[in-house]
Amino acid sequence: MARESFDKELQLLRLLFLTAGAYNRQQLAERLGISVHTLDKTIKKLKDIQSTFYQHVGDEEKKEYYAQLRYNYFEVTDNFLMFLYHAKSLKDSEVERLSHILEKLRHQPLSIKDLLDTFVDTEPDEKTIRQDMKYLEEVGVIKNVSEVRPYVYQFDGELLDSLTDDELLDLYDFTDFMANTQLPAVPGYLLQEKVKRYLKYRLKLTDASAFLYKYHFVSRILDEYQALLLTEAIRQRKIVEFHYYTPKRRKFYDSQNTNPAFQRDTSGRHQKVIPLRVIFDHQYGRWYLLAQGCGNGPLRKYRVEGMTKLVTGKSVTPEIFSSLQASADERITHSWLIDTGKLVTVRLRFFQPRDTPHSFIKERVEAQGQWGIVTEESRESFVYEINVNSTMEITPWIRSFGSSVEVLEPLFLRKQFQKEWEELLAYYESV
Amino acid sequence: MNLFDKIHNYQLVTRLDEAGVYPVTSHEKAWLALMLANPSAAEIFEPATLAKLHRLTQIPESESTEQERFVEKAQTQAKQLWSPLVRPLRRIILGKNHIKITAATNKGPVFRNQRGVPYKLEYSLAKKAWYLIWLNMSSNRLITTPLHLIRSVDELYIEDVWYESFLPTISEQIQQRKQMAKIMIIRRYNAELQRILYAFSCFDKEVAFDSESLVYTITLHYLSDEQEFILSRIRFLGLRVKVVENDQLKQRMAESATNALARYTETPL
């Protein structure tokens, strides 16, 4: 089976989603490092998939290729970036064959020979069918139900078929909720889509959605593909190689030239590292990789979104790997996100809200304050203390509390806050 | 696990859908098995269903997924993932019926036996809490009630058409609540564009880029009850962004800055 990379499609979707309408075609193509022609072709492909898959998308929306990429959570709860995962290209004949096989086996168990007989117009050769069956068995959608030859295969539909209508609805809700709130999510969204279609088929339910998700970083699924490949590489202690585009660069991708005559240096830097941990940051909804440079290199941090052309290489010995991983774990124990800087004690005074018995500030600090602890408490305020690797990553969180918080320690952070609020006041002083 | 597997190809899925065939792959089952290991699964499913699902998702070989695959940072702790009210309320919504509800508010008072049209169940990922969005029939207002404040709910059976007759009122009220704000990225922070856009990626938005001045402007569309969260995100980004359109937000930012600054004019206690 040909290896297909979706780097270009992923980067394009991300760019369309994040910058929602900011760039014209020329600018988009430039940022992706591809030609306008390639951009148009890629967009056309994505639009085709989207409209085949989501038939409810109106003509008006099809015109604006990024319209569906808007985060319209009050009306749409489907993760509309999901359609990318249906993008694997297949020949028409293969679509025909695979669907024929599954339809027949859904009806009754059959041997390969019996199955061949069910093809009317164009009978594929036995070898092709055997390959198809092998694949379908591998992905777990059919199973061999005979003990002796000739093998008889059956569609494995027990999971959905054996559930009552009521149980099916619970399964739908469960997959919906877990896919939207837990990691990993993509297999969950795929399953949910299936259960949804099945609900429609069995219960004639056209709209089964009753849930909405607020402040959901839907784009996190775009990097899950790489995140899962990386965790797999970590499990096997394998070195990985990729091209890396730092997020501060203007370019996020580069076309791959297959013709060696036109080979040129890509602007992404080539990296070869030992992957140690995959980190998800809930503050921004982004993925990171923590890795060790090969040949005694330093500990490195990468944003998964900047990785393209990821491949795995040789394995590292278990001893070396676990010692590297243990030291990396130690260095991020006190990271608010992934900072491995010097340990600082941060002390903050939070002020309780006035005119309400509901202490939502305390609730929020307890829920989001990670390993920090409340040391002093009165009716008006409380002191929260945390040891953290440098103050950079925790600062936005502290600042988000506005005037409900005062930085007590360290002194430099206190001064920094004072200066920042002065400057911020200047932004709005004329109001 | 290959997420771009050919079994998920869009043409194949459409074809199988027409034939009523819904193949569930072993990867999907493995994911389900992993999620079923979460203690909240026991709150969501009836014990018999849970047992059945455990049996049906058993993966024969070593394909079972490791628990600690990812390190999660800056996560909001959830007291519990599920609420026992989600299941009955979800079914009332599906059945297009009304509710008789007794609920308290965050400020204290309890309102008894109010009749309403349940609309949606909302989960906030920032607060890790469930809410019921419903139309109060006596005040004709759309209300968002945290499920933990609900004391009791009863189902009142009505005709579907009657339930549906309230939907235009609900969507009208949602429309009325829509607000708009323009937020400019201060040019010297343009290098942090990606990070800033990620911070706003959970909102309905458009972005404009002026190639002459190299200024990015984000137009946010949100509902009025989200204002506090938007403000916390703007403060979160600090000097990087500035509200350029929406007087209420500007006013609040000016207040925040004034009050915060006042805390730093004296030496700490």
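Computed from a prediction, not measured in an experiment: that's the story for all the values here.

### A few points about the overall build of chain B
- Within chain B one finds 10 helices and 10 strands.
- Over its C-alpha atoms chain B spans a radius of gyration of 24 Å, topping by over 25% the 18 Å that the globule rule assigns to 269 residues.
- In terms of overall dimensions, chain B has C-alpha extents of about 65 × 50 × 50 Å along its principal axes.
- Going through the 269 residues of chain B one by one, you find that 55% of them count as buried.

### Observations regarding the overall build of chain A
- Across its full length, chain A carries 15 helices and 13 strands.
- Put simply, chain A has 431 residues, and 57% of those count as buried.
- As displayed, chain A has an accessible area near 19,400 Å², and 48% of this comes from carbon and sulfur atoms.
- The centroid of the 60 positive side-chain charges in chain A is displaced by 7 Å from the centroid of its 63 negative side-chain charges.

### Focus: the pattern of salt bridges
- Throughout the structure, instances matching the rule amount to 43 salt bridges over all chains.
- Among the ionic pairs, A:R97 bridges to A:D132, the shortest N-O distance being 2.6 Å. Taken together, the residues span a long stretch of sequence, with A:R97 in helix α5 (residues 92-107) and A:D132 in helix α7 (residues 126-138) at a distance of 35 residues. Residues A:R97 and A:D132 agree in their burial class; the two are buried.
- In this structure, B:E192 and B:R195 form a salt bridge, with 3.2 Å as the shortest nitrogen-oxygen distance.
- The structure contains a network of salt bridges with shared partners spanning A:D166, A:D170, B:E46, B:R87 and B:R91.

### Concerning helix α10 (residues 186-203) of chain A
Residues and elements named next belong to chain A.
- Between its terminal C-alpha atoms α10 stretches 25 Å, which fits the 26 Å expected from 18 residues at 1.5 Å a residue.
- Taking burial as the measure, the 18 residues of α10 include 13 buried ones, the bulk of the element.
- After α10 finishes, the residue K204 shows a positive phi value of roughly 55 degrees.

### What to know about the domain arrangement of chain B
- The assigned domain composition of chain B is domain 1 (11-60), domain 2 (85-158) and domain 3 (178-262).
- Each of domain 2 of chain B and domain 3 of chain B has a C-alpha centre, and these two points are 32 Å apart.

### Here we look at the pairing of strand β7 (residues 286-293) of chain A
All names here are of chain A.
- When you tally the buried positions in β7, you get eight out of eight residues, the bulk of the element.
- Here strand β6 (residues 269-281) pairs with β7 via eight bridges, running antiparallel. What sits directly across from I274, in β7, is Q292.
- Linking β6 back to β7 in an antiparallel pair, the connection comprises four residues, with G285 at a positive phi of about 80 degrees.
- As paired strands, β7 and strand β8 (residues 299-303) are joined by five bridges and run antiparallel to one another. Residue pairing across strands places Y288 opposite R303, the latter belonging to β8.
- Counted between consecutive antiparallel strands, the loop separating β7 from β8 contains five residues, among which G295 sits at a positive phi close to 65 degrees.

### Points about the confidence of the model for chain B
- Taken as a whole, chain B shows an average pLDDT of 92; of its residues, 94% reach a score of 70 or greater.
- Interface confidence for the predicted complex, expressed as ipTM, amounts to 0.94; the pTM equals 0.93.

Cut-offs and rules
Residues numbered from 1 in each chain as written. Chains lettered and ligands numbered in written order. Predicted model: local features only at pLDDT ≥ 70, side-chain atom pairs only at ≥ 80, totals over all residues. Heavy atoms only, no water. Helix = DSSP H or I, 4+ residues; strand = E, 2+ residues; numbered from the N terminus. Rg over C-alpha atoms; globule rule 2.2 N^0.38 Å. Buried < 20%, exposed > 50% of the residue type's maximum accessible area, 1.4 Å probe, protein only. Areas by Shrake-Rupley, 256 points an atom, 1.4 Å probe, with all protein chains shown as cover. Lys, Arg positive; Asp, Glu negative; His and termini not counted. Charge placed at Lys NZ, Arg CZ, Asp CG, Glu CD. Salt bridge = Lys/Arg side-chain N within 4 Å of Asp/Glu carboxyl O. Expected span 1.5 Å × (residues − 1). Domains from an automatic or database assignment. Pairing = 2+ DSSP bridges. pLDDT = per-residue confidence, 0-100.

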